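# Summary of the model geometry
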Amino acid sequence: MAANPVPLVILGGGDRRPVRLPAEGRGKHPLTGYKGLDLRIGGRRLIELVLERMRACGSFDPIFVAGPAEAYRAAGLEARLIDTNSSFGVNIGAALEAASAARPGSAIAFTTCDILPEARDLDAAMREFRQGEPYDLWFPLVRVPADRSLLGASAWKPRYRFREAPGREQVEILPSHLIVVDPEALRLDFVFRLMGAGYRCRNRSVLYRLALLFGTFLATIVAHDLGRIVRGRRPTRVRDILLSGSAGAMRLGRGNAPVAEIEDAVRGIFVRREHRDRYPERRVRMPFVDGLSLALDIDTEEEAREVEESFGSRMHG
């Protein structure tokens, strides 16, 4: 167990309808329902395997599963449950409230129930986290391997391009499904709305996602500042957030953004100004890591079969 383990929430809600896949995913068969409960790998429910691996890592405590508690209890799952079964943003909010009550003042980690992280990938990522904590937000980016065949049935997933530093070559990455946040640092209402929009379009093209997220982004900050004006208070978000967000979005869309610039933009957008002023040395960190198992969530029947076959071959190898 790590010296200061981080509370972890495994998001275990369900998709009520099949997700829309990009053109690269044509012919794939999207999954619906509660993947953590419905999918079985090696004869065991996926959520059981995810819990087992997260507990074995030793970096997380306590560990929660956020989802419909009745369904998880009926399945006999032995875990600390956060009963929530709404939109992605509402689920995140309920999870943050419960985890913060269990460990006040602590950073909180989130992952999803539809990845099966390898121990070496998880351990390496958390070693990187420990090197520079505390962060306002820590979100690893997974390098796409030169051998694209290693992506297997997940080769259709949208990928992004960043530069590790100005002048360096572009690096193709996949977002990981592990994030650690300081709840006291964030504009939580803004985070919930943007995360909900991001989840709904998570497998669409990069440009489509940027357009939708930027629209949600503008609507949210304008509504917030109009509300302040009506109450006779000074608007605070349009100028503060818009400058960070528009520049970051344009560079991300072109694929030529040094990751440090994106980190600065994310801090300007999501972290409260009062917190930034109080802790100018703190930062958002988006490190490049190796570890495909942190990025390859199981969205399709084809990916589920591949994970099952891989798991079976290791069990009998």
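Refer to the preceding data block for the structure.
Let me sum up the structure you'll find in this document. (Residues numbered from 1 in each chain as written. Predicted model: local features only at pLDDT ≥ 70, side-chain atom pairs only at ≥ 80, totals over all residues. Heavy atoms only, no water.)

Let us now look at helix 9 (residues 259–270). The first and last C-alpha atoms of helix 9 sit 16 Å apart over 12 residues, in line with the 16 Å expected at 1.5 Å per residue. Of all 12 residues that make up helix 9, 9 are buried, and the element is covered over most of its length. All of the buried residues along helix 9 are Val259, Ile262, Glu263, Ala265, Val266, Arg267, Gly268, Ile269 and Phe270. (Helix = DSSP H or I, 4+ residues; strand = E, 2+ residues; numbered from the N terminus. Expected span 1.5 Å × (residues − 1). Buried < 20%, exposed > 50% of the residue type's maximum accessible area, 1.4 Å probe, protein only.)

On to the sheet that holds strand 9 (residues 160–163), then. Read from one edge of the open sheet, 4 strands run 9-10-8-13, paired in mixed fashion. Since the sheet does not close on itself, it has two edges, and those belong to strand 9 and strand 13 (288–289), each with one partner. Both strand 8 (residues 141–143) and strand 10 (residues 170–175) contribute to a ladder of 3 bridges, which runs antiparallel. If you follow valine 142 over to strand 10, its bridge partner there is leucine 174. (Pairing = 2+ DSSP bridges.)

So, on to the packing of aromatic side chains. On inspection of all chains with the given rule, the structure shows 3 aromatic pairs. Look at phenylalanine 129 and tyrosine 135: their rings are 5.9 Å apart centre to centre, the planes differ by 50°, and that puts the pair in the tilted class. Each member of the pair, phenylalanine 129 together with tyrosine 135, is buried. Relative to tryptophan 138, the ring of phenylalanine 129 has its centre 5.2 Å away and its plane inclined at 70°; by these criteria the two rings are edge-to-face. Phenylalanine 129 sits in the buried class, given a relative accessible area of 2%. By the ring-pair criterion, three or more aromatic residues cluster together here, those being Phe129, Tyr135 and Trp138. (Phe/Tyr/Trp six-rings, centres within 6.5 Å; stacked < 30°, edge-to-face > 60°.)

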